[in-house]
Amino acid sequence: MSSIEKIQNSIKADMKRLTDRIDESLTSSNELMNTVIRGYMKSKGKMLRPMLVILTARLFGPVTDKAIAAGASVEMLHNASLIHDDVVDDSQMRRSQPTINNLWGNHMAVLIGDFFVSNALLQATDTGDPRIVATLGSLGKLLSVGEVDQIYNARNHILDERAYFQIISRKTASLFVSCVKMGAYAADIDDERVDRLCRFAELLGLSFQIRDDIFDYYADPKIGKPTGNDLREGKITLPLLYALSQDKADRVEEMRQLAAQGTLSTDEIHTLIEFAKANGGIEYAYQTMERFERQALECLEGFEQTEALESLKALFPYVIRRDK
C-alpha cells in the first residue's frame, strides 16, 4: 500500500461523507446537467485538497459536519477552476478523460463551472462560519489573479524566478493554504498554530506545482521523452529558469533569446528542454522541493503526535515523488 493510499484509508469514512455531500449538492433538476456532471465526476483524482481540510480538522478533534462542508466547498471551487481553465486553454483531456468542453462545448463547460462555484459558496455558507466564507472568497480572487499573472508573464516573456513563485503561490499554493485554514476554523482553532499550518501548506502547494512542472519535461512522468506543453503556451518554469540564470552555461544567451521569442517550434522546445536538463534545472527543482520539505516539517514541530499529524507529514514525500 502506497503512502497516499494509507492516508486515504485512515480517513476513508470522512472522505465518504464529503463525496456524498458533494454528489448531493451537485444534483439538480436538469437531467442534462446531471449527465455532464456525472461523467466529469467519474475521475475525481486524489482529492488532495479536501484531504488537507479533514486532516487539519483531525489534528484538533473529531471531524464535524462543518469540516465536511468546508472540504466540499474548496473541492468544488477547485474543480470549477479546472473546468474554466480547460475552456481557456482549449484542453481536450484531463486525468486521462475528455474534458467537458471537448465533449459538450465551451458554452456548457462555462455553465457547469459556474454551477460548481455556486455550490461551493453554498457549502461554505452552510458552515455558518464567516471566516470560512471569507477564505473561500479570497481563494477565488487569488486563483484568478494567479492565472492572469501567468498570462501576463508569458506574453511579456518575464524570465524571473521570483515572478514564477508569485504565480504558483497564487494559482496553486493558495488552495492548499485555504484548506488548512478551513480545517482549523472548522475545529474552532484560530491562533498562531493556524499561521504555522498555513506556512506548511504553502510550501506543500509550491512543491506540488514544481513537481507538476517537472512532468512537462518528460512525455512519460517516469522516463519518456520531452513534451514541452508549458513552453508551447509561453510558460517558463523553474528548471528552465534556473538553467537560464547560469551565466557560464554554454549557449546561455542564445537560449535566453530563444525562450523570450514567443511562439516556438517543436525543435526549439526540445532544445530548451535539453538545455534545462543539461544545466541542472531538474536537479535544482528537486533540491528546492527538498528544502521546502525541511522548512515545512519545522512548522509542524510542537503539534501533538497523532495519526493526522503523521499523515500531513507523509504528504510531502508523496507530492515530491509522485509519478502523475
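Higher on the page you've got the structure.
Before going into details, it helps to say that this report is about the structure given with it. The model shown is predicted, which means the values in this text are computed figures rather than measured ones.

## A closer look at the packing of aromatic side chains
Inspection of every chain in the model, using the stated rule, returns 7 aromatic pairs. For the pair Tyr-40 and Phe-116, a centre-to-centre distance of 5.8 Å together with 80° between the ring planes defines the contact as edge-to-face. You can see Tyr-40 sitting in helix H3 (residues 31-41) and its partner Phe-116 sitting in helix H7 (residues 106-126), a full 76 residues away along the chain. Neither residue differs from the other here; Tyr-40 and Phe-116 are each classed as buried. Consider the rings of Phe-176 and Phe-208, whose centres lie 5.5 Å apart with planes at 50°: the pair is tilted. Of this pair, Phe-176 sits in helix H9 (residues 161-186) while Phe-208 sits in helix H10 (residues 192-215), and the two are 32 residues apart along the sequence. Across the pair, Phe-208 and Phe-176 agree in class, each one buried.

## Concerning the pattern of salt bridges
What the rule picks out here adds up to 23 salt bridges. Ionic pairing is found between Glu-254 and Arg-251, a salt bridge with its closest N-O pair at 2.8 Å. On the basis of relative accessible area, Arg-251 is assigned to the partly exposed category, the value being 43%.

## A few points about the layout of surface pockets
By volume, the second largest pocket amounts to about 240 Å³. Counting residues per element, the ones that place at least two in the lining of the second largest pocket are H3, strand E2 (97-98) and helix H6 (100-104). Tallied by class, residues from the lining of the second largest pocket come to 6 nonpolar, 5 polar and 4 charged.

## Let's talk about a nonpolar patch on the surface
Judged by side-chain polarity, Leu-32, Leu-103 and Trp-104 come together as a nonpolar surface patch covering roughly 300 Å² of accessible area. Examined against the element boundaries, Trp-104 turns out to sit in helix H6. You can call Trp-104 partly exposed: its relative accessible area is 39%.

## Description of unusual backbone geometry
We note that His-157 has phi near 55°; this positive angle belongs to a residue other than glycine. Tracing the backbone through its elements, the reader meets His-157 in the loop between helix H8 (130-156) and H9. Here the phi dihedral of Asp-188 falls at roughly 60°; this positive angle occurs in a residue that is not glycine. Following the sequence through the fold, Asp-188 ends up in the loop between H9 and H10. Asp-188 sits in the exposed class, given a relative accessible area of 58%.

## Overview of empty space enclosed by the protein
Going through the model one piece at a time under the given rule, you end up with 2 cavities of 30 Å³ or more. Within this model, the largest cavity holds a volume of roughly 50 Å³. If you trace the largest cavity, you find it lined by Ile-22, Tyr-40, Met-41, Ser-43, Lys-44, Met-47, Glu-75, Asn-79 and Arg-95. Secondary structure elements with two or more residues in the lining of the largest cavity: H3 and helix H5 (65-89). Among the residues forming the lining of the largest cavity, the class breakdown is 4 nonpolar, 2 polar and 3 charged.

## A look at the environment of Met-41
With respect to the element layout, Met-41 can be found in helix H3. Assessed through its relative accessible area of 11%, Met-41 is described here as buried. Every residue in contact with Met-41, bar those within four places of it in the chain, is listed here: Ile-22, Asp-23, Leu-26 and Phe-116.

Basis of the calculations
- Residues numbered from 1 in each chain as written.
- Predicted model: local features only at pLDDT ≥ 70, side-chain atom pairs only at ≥ 80, totals over all residues.
- Heavy atoms only, no water.
- Phe/Tyr/Trp six-rings, centres within 6.5 Å; stacked < 30°, edge-to-face > 60°.
- Helix = DSSP H or I, 4+ residues; strand = E, 2+ residues; numbered from the N terminus.
- Buried < 20%, exposed > 50% of the residue type's maximum accessible area, 1.4 Å probe, protein only.
- Salt bridge = Lys/Arg side-chain N within 4 Å of Asp/Glu carboxyl O.
- 1 Å grid on protein atoms, 1.4 Å probe; cavity = no way out; pocket = protein on both sides within 12 Å on 5 of 7 lines; lining within 4 Å.
- Points joined across faces, edges and corners; volume = space filled by probe spheres on them.
- Nonpolar A, V, L, I, M, F, W, Y, C, P; charged D, E, K, R; others polar.
- Patch = residues over 30% accessible without salt bridge, like charges linked within 9 Å, V, L, I, M, F, W, Y side chains within 5 Å.
- Areas by Shrake-Rupley, 256 points an atom, 1.4 Å probe, with all protein chains shown as cover.
- Contact = heavy atoms within 4.5 Å.

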